Amino acid sequence: MFYTCVVAICFAACSGDEYIDEQTEGRKVNVTLRLSVDNNTTTRADWDDDNAETGNSEMMHNWTVVVVNSSGTVEKIVNQTPVEGKEEIDNITNVELTTGTKTFYSFANIDISSWGITKGNSLPSGFDNKKYPDDANGIVPPSFGGEGGGIPMSNKQTLSIETTTTSVDLIVVRMLAKMKFQFTNATAADIKIKSITLSEITTGPVYLLPKYDTGGGADSMEPGNLLPNIPAGSAKADYTFSIADGLIVAAGNETAVETAFYINESEATAAYPKYFVITLNIDKGEVVDEQRYALLEWKQIARNEYHIIPITLDDYILDIEPQDFPPIGVLPASVKEEDGKFTVTFHAGGHFHIVPKVKQAISSTWLEYGENVVGKWSYADWSDDTTTSIYEVEEPASTTDASDNGGIPVWDATNHYIFGKLKQDVTGSAYHELKVNVKKSEEVTRELTYKLYIIKE
């Protein structure tokens, strides 16, 4: 009887499992797949990307969704070419799926026919870490020469299909970042921009699928959740976007002249300047192939990001002169502004000055200091780096320079320079921004910024 009882209990349990499975797991349902291009918002029927250029490379020209069940088997492969006017968001109705947890791999403008994905089998080994080989740096809208005639897009989302599920919202993420430069000209001469160079741009392949930070899961598209998904050790280099015939920005033009292109997602990892560097190669007529530098305040550029970079071309230059007082036999401070690396290196500790210098680009004469005086410059701001340990701590901090005082660098309103004091027995760096104003006329004042790393060796 004991044996019979055990069998009866086992039988009842097994029968219950089978009944539950038939009712809730693996049941067939018809759903509508709704696929849209990510614009950092939740997918919805009235989705619209105001930043995208409709009808061109930034939209879906074809798409594929691969549905994988909880056991890792490809359950469904769905393909479609969006009709005109549906390139941002597209539906396909009556897609038969089974209930349960599903992983949706979505692709647009990518031909996956050679990837070995077949219904009823598992995905190819290591698929989630697959690299996409195209190097699309510099592609100019609206044309794109990739597969399917558009920017490649991808995504992975894990969702639950219930018996009550009627539609599934899916997203594809553009695999490239868009850079738009807006130029105005504050000088009295036309300026032709011949090329734009960005430092440390990925030149090799990136991972096929996007990467999210800890703020959201695989189905989250909250703004800021995307991170660069770049294989370790990937090649990077300065990327130069050459502008055919040059981009003319007329003298005094306050209406932005624009140019745009796409780049691979990238990370700035060089010790200095720690940010991406922009270099402009310009032609001012009397000066050919002049170069100007600026630092972008970004360390990362992720896929699908849209960066608008306004640049005012001016004829004033802000420079600095470091002054230190090293012991005999120690090299004096050296300043480096070449290749966009704005650094001052001190080889010994102690008291130092950072002296601003301002002039017109065509002049050899430095402007005098003068508060609110036409033709002169004045101090605007100096950012403190209080997190670094390379500076002495002076309490209370002084605001006027003396022979050997100082700590974290501050502006001296009497002597019109920055002064501070470095520790003797430490190495490291600190980042600061110096801003000054130049009064060009009674109506026009320009703010110039110098982004500086102070290095203590």
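Reading guide: rules and limits
Residues numbered from 1 in each chain as written. Predicted model: local features only at pLDDT ≥ 70, side-chain atom pairs only at ≥ 80, totals over all residues. Heavy atoms only, no water. Helix = DSSP H or I, 4+ residues; strand = E, 2+ residues; numbered from the N terminus. Buried < 20%, exposed > 50% of the residue type's maximum accessible area, 1.4 Å probe, protein only. Contact = heavy atoms within 4.5 Å. Areas by Shrake-Rupley, 256 points an atom, 1.4 Å probe, with all protein chains shown as cover. Pairing = 2+ DSSP bridges. Axes fitted to C-alpha atoms, helices over the stretch in contact; angles between N-to-C directions. Salt bridge = Lys/Arg side-chain N within 4 Å of Asp/Glu carboxyl O. Core = buried A, V, L, I, M, F, W, Y, C linked by side-chain atoms within 4.5 Å. Phe/Tyr/Trp six-rings, centres within 6.5 Å; stacked < 30°, edge-to-face > 60°. Lys NZ or Arg CZ within 6 Å of the ring centre and 35° of its normal.

1. Here's the deal with the overall build of the chain
Okay, so step 1: Helices and strands together make up the secondary structure of the chain, namely 1 helix and 29 strands.
Okay, so step 2: The buried share of the chain, taken over its 457 residues, is 48%.
Okay, so step 3: Of all intrachain contacts in the chain linking residues separated by at least 6 positions in sequence, the fraction that spans at least 24 positions is 72%.
Okay, so step 4: Just so you have it, the chain exposes about 22000 Å², and 49% of that area is on carbon and sulfur atoms.

2. Overview of the sheet that holds strand β20 (residues 306–313)
Okay, so step 1: Read across the sheet, 3 strands follow the order β15-β9-β20 without closing on themselves; strand pairing throughout is mixed. Looking at which strands have only one partner, the edges of the open sheet turn out to be β15 (257–264) and β20. Each adjacent strand pair in this sheet contributes to an overall mean axis angle of 20 degrees, direction not counted.
Okay, so step 2: Pairing between strand β9 (residues 176–185) and β20: 8 bridges, direction parallel. Opposite M179, over in β20, you have H307 as the bridge partner.

3. Re the environment of F181
Okay, so step 1: As for its position among the elements, F181 is in strand β9.
Okay, so step 2: Looking at F181, the relative accessible area reads 0%, which means it is buried.
Okay, so step 3: Considered as a pair, F181 and I196 are 15 residues apart in the sequence and their alpha carbons are 9.2 Å apart.
Okay, so step 4: Look past the residues within four positions of F181 in its chain and what remains in contact with it is I196, L198, V257, E258, T259, F261, I278, I309 and I311.

4. A look at the pattern of salt bridges
Okay, so step 1: The final tally for this structure, using the stated rule, is 12 salt bridges.
Okay, so step 2: Where D128 meets K156, a salt bridge forms, and the shortest distance between an N and an O atom there is 2.4 Å. Taken together, the residues span a long stretch of sequence, with D128 in the loop between β5 (100–108) and β6 (131–132) and K156 in strand β7 (residues 153–161) at a distance of 28 residues.
Okay, so step 3: On the basis of relative accessibility, which here comes to 31%, the residue D128 falls in the partly exposed class.
Okay, so step 4: In this structure, K440 engages D314 in a salt bridge whose closest nitrogen and oxygen atoms are separated by 3.5 Å.

5. Comments concerning the nonpolar core
Inside soluble globular proteins, nonpolar side chains tend to come together where they are buried.
Okay, so step 1: One finds F346, V358 and L452 to be the most contacted residues of the largest nonpolar core, which totals 29 residues.
Okay, so step 2: Secondary structure elements with two or more residues in this core: β21 (316–324), β23 (343–346), β24 (350–360), β25 (377–382), β27 (417–422), β28 (428–439) and β29 (445–456).
Okay, so step 3: Discounting residues that sit within four places of it in the chain, F346 has contacts with P322, D324, A333, F352, I354, L422, I454, I455, K456 and E457.
Okay, so step 4: Residues L198, I263, I278 and I301 belong to the second largest nonpolar core, which totals 27 residues.

6. Overview of the packing of aromatic side chains
Okay, so step 1: Taken as a whole, this structure holds 16 aromatic pairs when the rule is applied.
Okay, so step 2: With a centroid separation of 5.4 Å and 80 degrees between ring planes, the pair formed by Y105 and F127 is classed as edge-to-face. Residue Y105 is found in strand β5, and its partner F127 is found in the loop between β5 and β6; the two are separated by 22 residues along the sequence.
Okay, so step 3: Of the aromatic side chains, those joined through ring pairs into one cluster are F181, F183, Y239, F241 and F261.
Okay, so step 4: One cation-aromatic arrangement involves K130 over W115; the distance from NZ or CZ to the ring centre is 4.8 Å.
Okay, so step 5: K359 extends its terminal NZ or CZ atom over the ring of W366, reaching a point 4.9 Å from the ring centre.

7. Re unusual backbone geometry
Okay, so step 1: Of the consecutive residues E395 and P396, the connecting peptide bond is found in the cis state with omega at -5 degrees.
Okay, so step 2: If you trace the backbone, P396 turns up in the loop between β25 and β26 (410–412).
Okay, so step 3: For D245, which is not glycine, the phi dihedral falls at a positive 65 degrees.
Okay, so step 4: Mapped onto the secondary structure, D245 falls in strand β14 (residues 236–249).
Okay, so step 5: Positive phi, normally seen in glycine, also occurs at H416, with a value near 65 degrees.

8. Description of the sheet that holds β7
Okay, so step 1: Reading across the sheet, the 7 strands line up as β3-β2-β5-β7-β8-β1-β4 and stay open at both edges, with mixed pairing between neighbours. Only two strands of the sheet have a single partner each, and these edge strands are β3 (74–80) and β4 (89–98). Direction aside, neighbouring strands of the sheet carry axes that sit 20 degrees apart on average.
Okay, so step 2: Note: strand β2 (residues 63–68) against β5, 6 bridges, orientation antiparallel. Paired with V67 across the bridge in β5 is F104.

9. Brief notes about the pairing of β2
Okay, so step 1: In terms of residue burial, β2 counts as a mostly covered element, since 6 of its 6 residues are buried.
Okay, so step 2: Alternating positions in β2 separate into two faces, W63, V65 and V67 on one and T64, V66 and V68 on the other, with burial throughout.
Okay, so step 3: Following β2, the chain reverses through 5 residues before pairing antiparallel with β3; G72 in that reversal takes a positive phi of roughly 90 degrees.

10. Side note on the side chain of N229
Okay, so step 1: With respect to the secondary-structure elements, N229 resides in the loop between β13 (226–227) and β14.
Okay, so step 2: The contact partners of N229, leaving out residues within four places of it in the chain, are V206, Y207, L209, P210, K211, E265 and R303.

11. Focus on the pairing of β29
Okay, so step 1: Note that β23 and β29 share 4 bridges and pair parallel. Considered in β29, the bridge of T343 is made with Y453.
Okay, so step 2: Here 12 bridges tie β28 to β29, and the two strands are oriented antiparallel to one another. Paired with K435 across the bridge in β29 is T449.
Okay, so step 3: The loop that links β28 with its antiparallel partner β29 comprises 5 residues.

Keep in mind these values describe shape, not function.
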